[in-house]
Number of protein chains: 2
Amino acid sequence: MRIGELAERAGTTTRTLRYYESRGLLPARRAENGYRSYDEGDLRLLQQIRTLQDFGFDLEETRPFVDCLRAGHPAGDSCPASLAVYRYKLAELDALIGRLTSVRAEVGAQLARAELEASADLPGGPAPRCELGGQP
Amino acid sequence: MRIGELAERAGTTTRTLRYYESRGLLPARRAENGYRSYDEGDLRLLQQIRTLQDFGFDLEETRPFVDCLRAGHPAGDSCPASLAVYRYKLAELDALIGRLTSVRAEVGAQLARAELEASADLPGGPAPRCELGGQP
DNA sequence: GTATTCCTTGACGCCGACGTCAACGCAAGG
DNA sequence: CCTTGCGTTGACGTCGGCGTCAAGGAATAC
C-alpha cells in the first residue's frame with residue numbers, strides 16, 4: 001500500500017509518516033517508481049506509535065515498542081526496554097498529576113478567597129455577616 | 001531601580017523582563033540615559049506574574065491580574081476578569097488531571113499485563129501456577 | 001585613561017511534531 | 001492531449017517563553 005492509504009487507515013497524515021521516516025522510526029520500502037510501499041506490518045507499527053502518542057509519549061519513547069514489534073515479538077511491550085519506558089512514564093505521570101493537583105487546590109483556594117472578598121465589598125456595607133451570636 | 005536589580009529581586013532575568021515589556025505586560029519608565037526604571041509597584045506586578053506563571057498560567061492569562069493591580073485594586077484577583085481566568089483555569093486543570101489520570105490507569109494496566117506475560121514466558125515452562133486446588 | 005560592569009537594541013536559536021507551500025514527476029481516465 | 005490526483009523532495013512556518021550572542025553606549029572604580 002502507498003503512503004496515502006496507510007495514513008488514512010491509521011487516521012493520520014502523509015506528512016506525519018514522512019516525518020516518522022525522517023526520524024528513522026518507520027522506514028519504508030520503495031516501489032520501482034520511487035513511491036513508498038507499506039504492508040500490514042507497518043500499519044501495526046504505526047498503530048502502536050499512535051496509541052502511545054495519544055498517551056502523551058514522546059516520539060522517541062515509542063521507539064523501543066516499535067523495535068520490539070519489528071523484532072518479531074507478539075506485542076510492542078514484550079521487551080524489557082518497553083517496560084522501562086512504561087515505568088518511567090508512570091513516574092512522570094504521577095509527578096505531573098501531583099503537581100497539577102496541588103496547583104488546582106491553590107487556585108481553587110485563591111478563587112474562593114477572592115470571591116469572598118468581592119462579595120464582602122459589593123453590597124451595601126461591609127457584609128451581611130450572617131446571623132451569628134457575636135457582638136451586637 | 002534598574003532592570004538588573006528588579007530581575008534579581010524577583011528571581012528572574014533581564015531577558016524575561018524585556019520580553020514582558022515587548023508583550024506590553026510590564027512597560028517601564030525610562031531614565032534620562034535611556035535605562036529602564038522600575039519601582040516597588042512594578043515588583044509587585046512582576047511577582048503577580050511570576051506566581052501565576054508558576055501555576056502554569058499562560059502569559060496572556062496573567063494580564064487581567066496585572067491590569068487589576070495597576071488599576072489600584074488591593075490584589076490582582078480583585079477584578080471579575082481575574083476571577084474568570086481562575087475559573088477557566090480550574091476547568092482546564094480538572095480536564096487535564098482527568099485525562100492524565102485515565103492515561104495513568106491505562107499505562108499502569110498495560111505495564112501490569114506486560115509484566116505478567118513476561119514472567120509467564122521466562123521461567124522453565126508456562127508458569128509456576130501456584131498451588132491452587134485445581135486440576136492435578 | 002581604562003577596566004569593569006551595567007545598560008541598550010536587534011536578531012537568531014531552541015524545542016517537538018508536525019502544517020503548509022513550492023515545484024516537480026507519474027499514472028490513469030476521458 | 002489534458003486534467004486530475006496521487007506521489008516525490010526541500011524548506012520554511014508554527015507556538016511560548018524565553019536563552020544567547022553581537023555590537024555598542026553609559027556609569028562607576030581605580
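Everything discussed here concerns the structure shown above.
All figures in this text were calculated on a predicted structure; none of them were measured in a lab.

Visitor: Tell me about the relation of the copies chain B and chain A, residues and numbers included.
Guide: For the match of chain B to chain A, the screw axis carries a shift of 0.0 Å, the RMSD comes to 0.1 Å, and the turn is 180 degrees. With respect to symmetry, the two chain copies, as superposed, fit the operation of a two-fold axis. Of the C-alpha atoms belonging to chain B, the one lying closest to the rotation axis is found on Ile-97 of chain B, 3.0 Å away. The overlap is high: 100% of the interface residues of chain B also sit at the interface in chain A, so the same surface is used on both sides.

Visitor: Explain helix α4 (residues 59–70) of chain A to me, and be specific about the residues and the numbers.
Guide: Residue and element names in this part refer to chain A. Across its 12 residues, α4 extends 16 Å between first and last C-alpha, which sits within 8% of the 16 Å expected from 1.5 Å per residue. Those residues of α4 not exposed but buried are Leu-59, Glu-61, Thr-62, Phe-65, Val-66, Cys-68 and Leu-69. Projected down its long axis, α4 carries its buried residues within an arc of 160 degrees, all on one side. Following α4 by one or two positions, Gly-72 adopts a phi angle in the positive range, close to 100 degrees.

Visitor: Which residues make up the packing of aromatic side chains, and what are the values?
Guide: Residues and elements named next belong to chain A. Across all of its chains, the model carries eight aromatic pairs over all chains by this definition. Members of the aromatic cluster, connected to one another through ring pairs, are Phe-55, Phe-57, Phe-65 and Tyr-86. Here Lys-89 stacks its cationic end above the ring of Phe-57, 5.6 Å away from the centre of that ring.

Visitor: Give a description of the protein's contact with DNA strand C that names residues and reports values.
Guide: Not every one of the 18 residues close to DNA strand C is listed here, only the nearest: Thr-16 and Gln-53 of chain A together with Gly-4, Arg-18 and Arg-36 of chain B. Measuring from a base oxygen of DNA strand C, one finds a side-chain N or O atom of Arg-15 of chain A at 3.0 Å. Gly-4 of chain B has a polar backbone atom sitting 2.8 Å from a phosphate oxygen of DNA strand C. Counting only elements with at least two residues in the surface near DNA strand C, the list comes to α2 (14–22) and α3 (40–54) of chain A together with α1 (3–10) of chain B. The element best represented in the surface near DNA strand C is α2 of chain A, accounting for four residues. Of the residues contributing to the surface near DNA strand C, the split by class is six nonpolar, five polar and seven charged.

Visitor: So what's going on with the protein's contact with DNA strand D? Residues and values would help.
Guide: By nearness alone, 20 residues border DNA strand D, and Gly-4, Arg-18 and Arg-36 of chain A together with Thr-16 and Gln-53 of chain B come closest of all. Taking the atoms of DNA strand D that fall within 4 Å of the protein, sugar and phosphate contribute 66% of them. Here a base nitrogen of DNA strand D and a side-chain polar atom of Tyr-35 of chain B are 2.9 Å apart. Listed by contribution, the elements that provide at least two residues to the surface near DNA strand D are α1 (3–10) and α2 of chain A together with α2 (14–22) and α3 (40–54) of chain B. It is α2 of chain B that provides the largest number of residues to the surface near DNA strand D, a total of four residues. Across the surface near DNA strand D, the residue classes break down as six nonpolar, six polar and eight charged.

Visitor: Outline the interface of chain B and chain A, supporting the account with residue identities and numerical values.
Guide: Reports of interface size often rely on the accessible area that becomes lost once the parts have come together. At the interface, 23 residues of chain B touch 23 residues of chain A. Carbon and sulfur atoms supply 75% of the area that chain B and chain A bury against each other, a total of about 2,400 Å² over both sides. Across the contact surface, chain B and chain A share six salt bridges. Note that Arg-113 of chain A is salt-bridged to Asp-77 of chain B, the shortest N-O span being 2.5 Å.

Calculation rules
Residues numbered from 1 in each chain as written. Chains lettered and ligands numbered in written order. Predicted model: local features only at pLDDT ≥ 70, side-chain atom pairs only at ≥ 80, totals over all residues. Heavy atoms only, no water. Least-squares fit on C-alpha atoms with pLDDT ≥ 70 in both. Contact = heavy atoms within 4.5 Å. Helix = DSSP H or I, 4+ residues; strand = E, 2+ residues; numbered from the N terminus. Expected span 1.5 Å × (residues − 1). Buried < 20%, exposed > 50% of the residue type's maximum accessible area, 1.4 Å probe, protein only. Arc of directions from axis to C-beta. Phe/Tyr/Trp six-rings, centres within 6.5 Å; stacked < 30°, edge-to-face > 60°. Lys NZ or Arg CZ within 6 Å of the ring centre and 35° of its normal. Near = heavy atom within 4 Å. Polar contact = N/O pair within 3.5 Å; in protein donor to acceptor, adjacent residues only side chain to side chain. Nonpolar A, V, L, I, M, F, W, Y, C, P; charged D, E, K, R; others polar. Buried area = accessible area lost by both parts, 1.4 Å probe. Salt bridge = Lys/Arg side-chain N within 4 Å of Asp/Glu carboxyl O.

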